[in-house]
Amino acid sequence: MTKSTRPNAFLMLSLLTTWHPISHASELSALINEALENNYQIINSRYEVESSEFDQSISGAFFYPTINASANTTWNDSEVDSTTSSSNEYNSYGYRVSVSQTILDMSKIRSYQESGIDLQINKLKHDKIVNDIIIQVVENYFSYLKYHSQKKATDAQFRSSEARLKQIRRNNELGNLPKTDVYETQAQKESTYKKLADIRKRINLALVQLQSTTQAPIRPSYDVKLNNQYAEIDYYEKSTLEKNLIGSNYDIAIAKSNLDKSKRSLTQSRSDFYPTLSASANYEYTDSNFDSSKTDDATYALTLDIPIVNGGSDYYDYQKSKTKISQFSSQYDQAVNDNRVNFEELIYSINTNVESLAILKSIIKSNYLVYKGNQRAFKLGTKTLTDLLNSESDLYDNIREYHSNQYDYIINMTKLYALFGAVDLASLEDISNKMEPISDTFDITILERFTAGGVK
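Every residue gets a number counted from 1 within its own chain, in the order that chain's sequence is written. Restriction of local features to residues with pLDDT of at least 70 applies here, the model being predicted, together with a cutoff of 80 or more for giving and counting side-chain atom pairs; totals for whole chains, interfaces and linings are based on all residues. As a rule here, side-chain values come from all non-hydrogen atoms in the structure, and water together with hydrogens is ignored.

Visitor: Describe the overall build of the protein chain, listing the residues and the values that go with them.
Guide: What the protein chain contains, in helices and strands, is 12 helices and 6 strands. Sorting the 456 residues of the protein chain into buried and exposed places 41% on the buried side. Whether two residues are in contact is decided by their heavy atoms: any pair within 4.5 Å suffices. Considering only contacts in the protein chain between residues 6 or more positions apart, those separated by 24 or more positions represent 81%. Put simply, the protein chain shows about 25,000 Å² of open surface, and 52% of that area lies on carbon and sulfur atoms. Per the convention used, a helix needs a DSSP run of H or I reaching at least four residues, while a strand needs a run of E reaching at least two, with both numbered from the N terminus. Categorising residues by exposure relies on relative accessible area from a 1.4 Å probe, with only protein chains included: less than 20% of the type maximum marks a residue as buried, more than 50% marks it as exposed, and the intermediate range marks it as partly exposed. Here the open area of atoms and residues is found with the Shrake-Rupley method and a 1.4 Å probe, where only the protein chains shown may cover a residue.

Structure representation (structure tokens):
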């Protein structure tokens, strides 16, 4: 299996980072390190690999001789009551040593080779589990930040709707506005509160998942800037990545190893029809004081075992192995097809995220100017409350959508890299280096910068 076309320097850094999230550049890598050390799936997978190593050692035991030794001693006391009575007391003792060795057994040789493939498969599965856990950490980490950012915008929208409701109620009490304006503002406030409650639930779920995956009681303390720049994956880069998909993907590698194992199993099934050759040597010594006899017995044997028929089980096992090859061949083709589809979907999603971010920047700028204009016009009485509420709702909806696309881009890029073996976190390190301390309130000056000449 070839390595990813991307460097793995940041992954190595994450393995060496201790649990001291003192800077934004180390927070994500520290969480990944905690997951690699403490995640239950990874721990169980390590034991599975160790078990496979023992299985391989067990299957290779026939390469070594078998040695057995035994010793015995016997006391005898007999009395015969007859016309000629007799009484005998005597003892005897002895020991035996035997050595046996399988010289040729193709079935066991093939079984040993197959256990090596099992070990390889379990190592690949372990690497895939590690990869999947890293993806989960990244996804839960940035999902938390995504929902947290959405919450900030929704909090600002909710506070604005609360303040406006108070103002509308006062104006209604003074007779300046109809009661319908109060109802309309009240409905917007309640709708915003419902959005806020749903976002809070998503935040808590993302945090629970993050802490469960990493087994670390950490709440993310750094956030991605609203004005980061992201680039689409062009045709040339896509073609380069696609060429490396089959040789790097864990699912495909596991499917190919299973196919190789099924072919090896067919060879092993065929080996059951081959003769086996074994050798043995035995030495036995006995000594009895009954008749003062001593026995030294040494035997040597060379055994050729030729299988003829055992009810047909070997034949059917052979036919089953042939069927397994077709089955695993189909699974391999499916793994290739599924990952190609995943690759295409992720490329499409990533490029759509980038395109949406560019469009949403322009929309946010325009809607902010509309919102500010409607605020002034509402105070002058040239715009209705409905106009103001709609422009405010559109603005904050666009901000939430912008945050969703920004974090989805990061998550999708991580999933894309995960298709090529060990996750490459170099791009995430670059994003992490540009992160800033997380804020619990929405900074309206960001929108001011949008209107002052674009994102910088």
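Visitor: Outline the pattern of salt bridges, supporting the account with residue identities and numerical values.
Guide: The working definition used for a salt bridge is a side-chain nitrogen of Lys or Arg within 4 Å of a carboxyl oxygen of Asp or Glu. Applying the stated criterion across every chain, the model contains 15 salt bridges. Ionic pairing is found between Asp155 and Lys151, a salt bridge with its closest N-O pair at 2.8 Å. With Asp155 and Lys151 both in helix H4 (residues 106-173), this residue pair falls 4 residues apart, about one helical turn. For the salt bridge of Lys201 with Asp198, the shortest nitrogen-to-oxygen distance reads 3.7 Å. Separated by 3 residues within a single helix, Lys201 and Asp198 lie in helix H5 (residues 179-214), roughly one turn from each other. For Asp198, a relative accessible area of 30% gives the class partly exposed. Salt bridges linked by common partners bring Lys128, Asp132 and Asp251 together as one network.

Visitor: Give a description of a nonpolar patch on the surface that names residues and reports values.
Guide: Put simply, a patch holds well-exposed residues, over 30% relative accessible area, that have no salt bridge, with like charges counted together within 9 Å and Val, Leu, Ile, Met, Phe, Trp or Tyr side chains within 5 Å. On the surface, Ile67, Tyr95, Val97 and Val99 cluster together to form a nonpolar patch covering roughly 330 Å² of accessible area. The element best represented in the nonpolar patch is strand E2 (residues 86-104), accounting for 3 residues. Mapped onto the fold, Ile67 is located in strand E1 (residues 66-80).

Visitor: Account for the confidence of the model for the protein chain, with residues named and values stated.
Guide: The pLDDT value expresses, per residue, how confident the predictor is, ranging between 0 and 100. Of the residues in the protein chain, 83% reach a pLDDT of 70 or more, and the chain-wide mean stands at 80. Helix H1 (residues 9-16) is the least confidently modelled element of the protein chain, averaging 31 in pLDDT, while H5 averages 91, the highest of any element.

Visitor: Any chance you could break down the environment of Ser52 for me, citing the residues and the numbers?
Guide: As for its position among the elements, Ser52 is in helix H3 (residues 40-59). Along the sequence, Ser52 and Asn122 sit 70 residues apart, while their C-alpha atoms lie 7.3 Å from each other. Aside from chain neighbours lying at most four places away, what touches Ser52 is Asp118, Leu119 and Asn122.

Visitor: Account for the packing of aromatic side chains, with residues named and values stated.
Guide: Think of it this way: a Phe, Tyr or Trp ring, Trp meaning its six-membered ring, pairs with another when their centres are within 6.5 Å, and the plane angle makes it stacked under 30 degrees, edge-to-face over 60, tilted otherwise. Within the structure shown, the criterion is met by 7 aromatic pairs. Note on Phe158 and Tyr193: the rings are 5.6 Å apart at their centroids and 45° apart in plane angle, and the pair reads as tilted. Taken together, the positions of Phe158 in helix H4 and Tyr193 in helix H5 put the pair 35 residues apart, joining distant regions of the chain. Look at Phe158 and you get buried, because its relative accessible area is 12%. By relative accessible area, Tyr193 is classed as partly exposed at 41%. Linked through ring pairs, Tyr95, Tyr283 and Tyr285 together constitute an aromatic cluster.

Visitor: Describe the packing of H3 against H4, naming the residues involved and giving the relevant values.
Guide: Two elements in contact, H3 and H4, have axes separated by 9 Å at closest approach and are oriented at 170°. By the criterion of interaxial angle, the relationship of H3 to H4 is roughly antiparallel. Its residues placed into classes, the contact of H3 with H4 shows 7 nonpolar, 11 polar and 6 charged. Angles here are taken between N-to-C directions and fall from 0 to 180 degrees, while the axes themselves are lines fitted to C-alpha atoms, restricted in helices to the stretch in contact. In this scheme, roughly parallel covers angles under 35 degrees and roughly antiparallel covers those over 145, while 65 to 115 is roughly perpendicular and the rest are oblique. Residues are sorted three ways: Asp, Glu, Lys and Arg are charged, Ala, Val, Leu, Ile, Met, Phe, Trp, Tyr, Cys and Pro are nonpolar, and all the rest, Gly among them, are polar.

Visitor: If you had to explain unusual backbone geometry to someone new, which residues and values would you point to?
Guide: Its identity is not glycine, yet Gln215 carries a phi of approximately 55°, on the positive side. Mapped onto the elements of the fold, Gln215 is located in the loop between H5 and strand E3 (222-223).

Visitor: Give me helix H10 (residues 385-418): which residues, what numbers.
Guide: Quick reminder: α-helices carry 3.6 residues per turn. Residues three or four places apart thus point the same way. Relative to the 50 Å expected for 34 residues at 1.5 Å per residue, H10 spans 49 Å between its end C-alpha atoms, a close match to the ideal helical length. By the criterion of burial, H10 is predominantly enclosed, with 26 of the 34 residues buried. The length a helix should cover is 1.5 Å for every residue beyond the first.

Visitor: Summarise the packing of H4 against H5; cite the residues concerned and give the values.
Guide: Put simply, H4 and H5 touch, their axes get as near as 7 Å, and they point 160° apart. Comparing their axes, H5 and H4 come out roughly antiparallel. Between H4 and H5 the crossing geometry is left-handed. Its residues placed into classes, the contact of H4 with H5 shows 16 nonpolar, 16 polar and 11 charged. In this scheme, a crossing is called left-handed if the near helix is turned counterclockwise away from the far one by less than a right angle; it is called right-handed if the turn is clockwise.

Visitor: Lay out the nonpolar core in plain terms, naming residues and giving numbers.
Guide: The term nonpolar core refers to a set of buried residues drawn from Ala, Val, Leu, Ile, Met, Phe, Trp, Tyr and Cys, joined through side-chain atoms within 4.5 Å. Counting residues in each nonpolar core, the largest one holds 68 residues, and the members touching the most others are Val137, Tyr141, Phe142, Phe343, Ile399 and Leu416. Every element with two or more residues in this core is listed here: helix H2 (24-38), H4, H5, helix H9 (313-380) and H10. Residues within four places of Tyr141 in sequence aside, it is in contact with Glu27, Leu28, Leu31, Leu210, Pro220, Tyr222 and Met435. Counting 6 residues, the second-largest nonpolar core is a separate cluster that includes Ile117, Ile121, Leu124 and Ala253.

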